[in-house]
Amino acid sequence: MLVRIAAHNAVTSTEIVLTNARTLGLDARAMSDGQGGMAIGIDGELPDGAWDVPGVISVLRKHKPYMLASRELRDARSVVRVGDVAIGGDEPVVMAGPCVIENERDTIEIARMVKEAGATMLRGGAFKPRSSPYAFQGLGEPGLQHLARAREITGLPVVTEVMEPDQVELVADYSDMLQIGARNMSNFPLLKRAGRAGKPVLLKRGFSATIDEWMMSAEYVLASGNPDVVLCERGIRSFDTSTRFTLDLNAVPLARELTHLPIVVDPSHGTGRRSLVERMSLAGLAAGADGLILEVHPNPDQALCDASQTITPETLQRIIRKGHALVQLLDGEPVTDVLTTLITA
Ligand code: PEP
Ligand code: MN
């Protein structure tokens, strides 16, 4: 059941509804509706009268199984803050870096390069979910230390993958945002633990997951008390093996209709091919993505993981320049301003 409460009664009425629900043994959570009021999601039905308090605007008995993520509960789109970076705000956010952290020197060099190219977050895996158990699995904690050092030097907030519930606190200690990878989208114990870690979560869509399953996985994190979830479309499996995955750009505008959570696109994994990454990045932004996550390395062919989809810092810079101009154009900004972005960026 969903209960919406108007701004002027928000605090006291929310408390009353929450208490009424919990007294009946029902799980209930409140969140801001983004317009000054509150939205309460109750896992079950309150009897008539239990929500009869001043300021209740609406009561929805039938709703999506992902009530906290749904726009039924909160119409205003959420902005997730990672350090100084706002994901879901006016500017597209670009997270960039190597697939896997290789050593400290290169991590710092890449961080400097992606910052110079205009990226606002650093990505890189220390714990890697590799298909083969014999492939390089990542450096583990030393990799996290290299990321933290690169953040210290460049100021870029760090997003990195966590694969196991028992790793969550360790990864959270070193990073600014926890990445849940495609292969772990339905690892519910991991989602719950990540939801309690006090760090924003980047939730990748499983490559065989429906949109509804993805939304429900986001709901696990939200229901564990963490409102800061960013979705990531990273490509799904299709019949066609010409590309590594098929970047499902339908998912972007659809996710914007279904949920208030920000969404970013990963054209690196979504294509698996370096030559396709620039155009699919721009396509992702045109589809309404709030940002991109991209694999970048100064010598892409030498990258220890996912070399074939890794781009150079120069390509990254071009994507960011064009991407900003494209988003400005789509937002209806005057063409002269857009040209200025292209020339000066
Ligand atoms: C990654 O971003 O490094 C990664 C492993 O992605 P995915 O989980 O989408 O395969
Ligand atoms: Mn990768």
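Conventions and cut-offs
- Residues numbered from 1 in each chain as written.
- Chains lettered and ligands numbered in written order.
- Predicted model: local features only at pLDDT ≥ 70, side-chain atom pairs only at ≥ 80, totals over all residues.
- Heavy atoms only, no water.
- Near = heavy atom within 4 Å.
- Polar contact = N/O pair within 3.5 Å; in protein donor to acceptor, adjacent residues only side chain to side chain.
- Areas by Shrake-Rupley, 256 points an atom, 1.4 Å probe, with all protein chains shown as cover.
- Nonpolar A, V, L, I, M, F, W, Y, C, P; charged D, E, K, R; others polar.
- Phe/Tyr/Trp six-rings, centres within 6.5 Å; stacked < 30°, edge-to-face > 60°.
- Lys NZ or Arg CZ within 6 Å of the ring centre and 35° of its normal.
- Pairing = 2+ DSSP bridges.
- Helix = DSSP H or I, 4+ residues; strand = E, 2+ residues; numbered from the N terminus.
- Axes fitted to C-alpha atoms, helices over the stretch in contact; angles between N-to-C directions.
- Salt bridge = Lys/Arg side-chain N within 4 Å of Asp/Glu carboxyl O.
- Contact = heavy atoms within 4.5 Å.
- Buried < 20%, exposed > 50% of the residue type's maximum accessible area, 1.4 Å probe, protein only.
- Domains from an automatic or database assignment.
- Core = buried A, V, L, I, M, F, W, Y, C linked by side-chain atoms within 4.5 Å.
- Patch = residues over 30% accessible without salt bridge, like charges linked within 9 Å, V, L, I, M, F, W, Y side chains within 5 Å.

As a further point, take the site of ligand 1. Near ligand 1 you find R123, K128, E161, Q179, G181, A182, R183, K204, R234, H269 and E295, and these make up its full shell. A182 is positioned such that a nitrogen or oxygen atom in its backbone is 2.8 Å from an oxygen atom of ligand 1. Interatomic distance of 2.6 Å between a side-chain N/O atom of R234 and an oxygen atom of ligand 1. Notes on ligand 1: free accessible area 290 Å², of which the protein chains cover 97%. Taken together, the residues of the shell around ligand 1 break down into one nonpolar, three polar and seven charged.

Another point: the packing of aromatic side chains. In total, this model carries two aromatic pairs according to the counting rule given. Lying across the ring of F245, R234 places its NZ or CZ 4.2 Å from the centre. The aromatic ring of F207 is capped on one face by R237, whose charged end is 4.7 Å from the ring centroid.

Taken together, four strands build an open sheet; the order of strands is β2-β3-β1-β4 and the sheet is antiparallel. Looking at strand neighbours, the two that pair on one side only are β2 (27–32) and β4 (56–60), the edges of this open sheet. Between one strand and the next, the sheet's axes are offset by a mean angle of 15°, whatever the strand orientation. Relative to strand β3 (residues 38–43), strand β1 (residues 2–5) is paired through four bridges, and the arrangement is antiparallel.

Let's shift gears to the pattern of salt bridges. Counted according to the given criterion, the structure contains 19 salt bridges. As a salt-bridge pair, R151 and D176 come within 2.8 Å of each other at their nearest N and O atoms. Of this pair, R151 sits in helix α3 (residues 141–154) while D176 sits in the loop between α4 (168–174) and β10 (177–180), and the two are 25 residues apart along the sequence. Connected through salt bridges with shared partners, the residues E45, D48 and R61 form a single ionic network.

Quick look at the side chain of S281 now. If you trace the backbone, S281 turns up in helix α9 (residues 274–286). Those residues in contact with S281 that sit more than four places away from it in its chain are P267, L292, L294 and I319.

Let us now look at the side chain of D290. Tracing the backbone through its elements, the reader meets D290 in the loop between α9 and β14 (291–295). A relative accessible area of 6% means that D290 is categorised as buried. Looking at D290, its side chain comes within polar contact range of the side chain of R77, at 2.9 Å. Setting aside residues no more than four positions away along its own chain, D290 makes contact with R77, I87, G88, E91, P92, V93, R256, P262, I263 and V264.

Our next topic: the domain arrangement of the chain. Domain parsing of the chain yields domain 1 (2–60) and domain 2 (80–344). Once you take the C-alpha centre of each, domain 1 and domain 2 turn out to be 35 Å apart.

This part covers the nonpolar core. The biggest cluster of nonpolar side chains holds 69 residues, and the ones touching the most others in it are V114, L203, W214 and L316. The element that contributes the greatest number of residues to this core is helix α6 (residues 211–223), accounting for six residues. Formed jointly, this core draws a minimum of three residues from each of two domains, domain 1 (2–60) and domain 2 (80–344). Here L316 is in contact with V94, A96, V114, A117, A119, L294, V296 and I311, once residues within four sequence places are set aside.

Turning our attention to the sheet that holds strand β7 (residues 93–97). Spatially, β7-β8-β9-β10-β11-β12-β13-β14 is the arrangement adopted by the eight strands of the closed barrel, whose pairing is parallel. The sheet shows a mean angle of 25° between the axes of neighbouring strands, direction not considered. Here strand β11 (residues 201–204) runs beside strand β12 (residues 229–233); their pairing, made up of four bridges, is parallel. Bridge pairing in β12 places V201 opposite V229. Packing against the sheet, helix α5 (residues 188–195) makes contact with β10 and β11, and its axis sits at approximately 170° to β10.

The phi dihedral of D306 is positive, around 55°, even though this residue is not glycine. As for its placement among the helices and strands, D306 is situated in the loop between β14 and α10 (313–330). Given the relative accessible area of 17%, D306 is considered buried.

Attention now goes to a nonpolar patch on the surface. Together, L329, V335, L339 and I343 make up an exposed nonpolar region whose accessible area comes to about 410 Å². With three residues, helix α11 (residues 335–344) is the largest single contributor of residues to the nonpolar patch. In this structure, I343 sits in helix α11.

Mapping M163 onto the fold places it in the loop between β9 (158–161) and α4. Taking the C-alpha atoms as reference, M163 lies 36 Å from G37; in sequence the two are 126 residues apart. Contact partners of M163, with chain neighbours within four places excluded, come to F127, K128, P129, N184, N187 and L190.

What follows deals with the pairing of β3. Where β2 meets β3, six bridges bridge the pair, whose relative direction is antiparallel. Along β3, the bridge assignment pairs A28 with I42. Taking the residues between adjacent antiparallel strands as the criterion, β2 and β3 are bridged by five residues, where G34 takes a positive phi near 85°.

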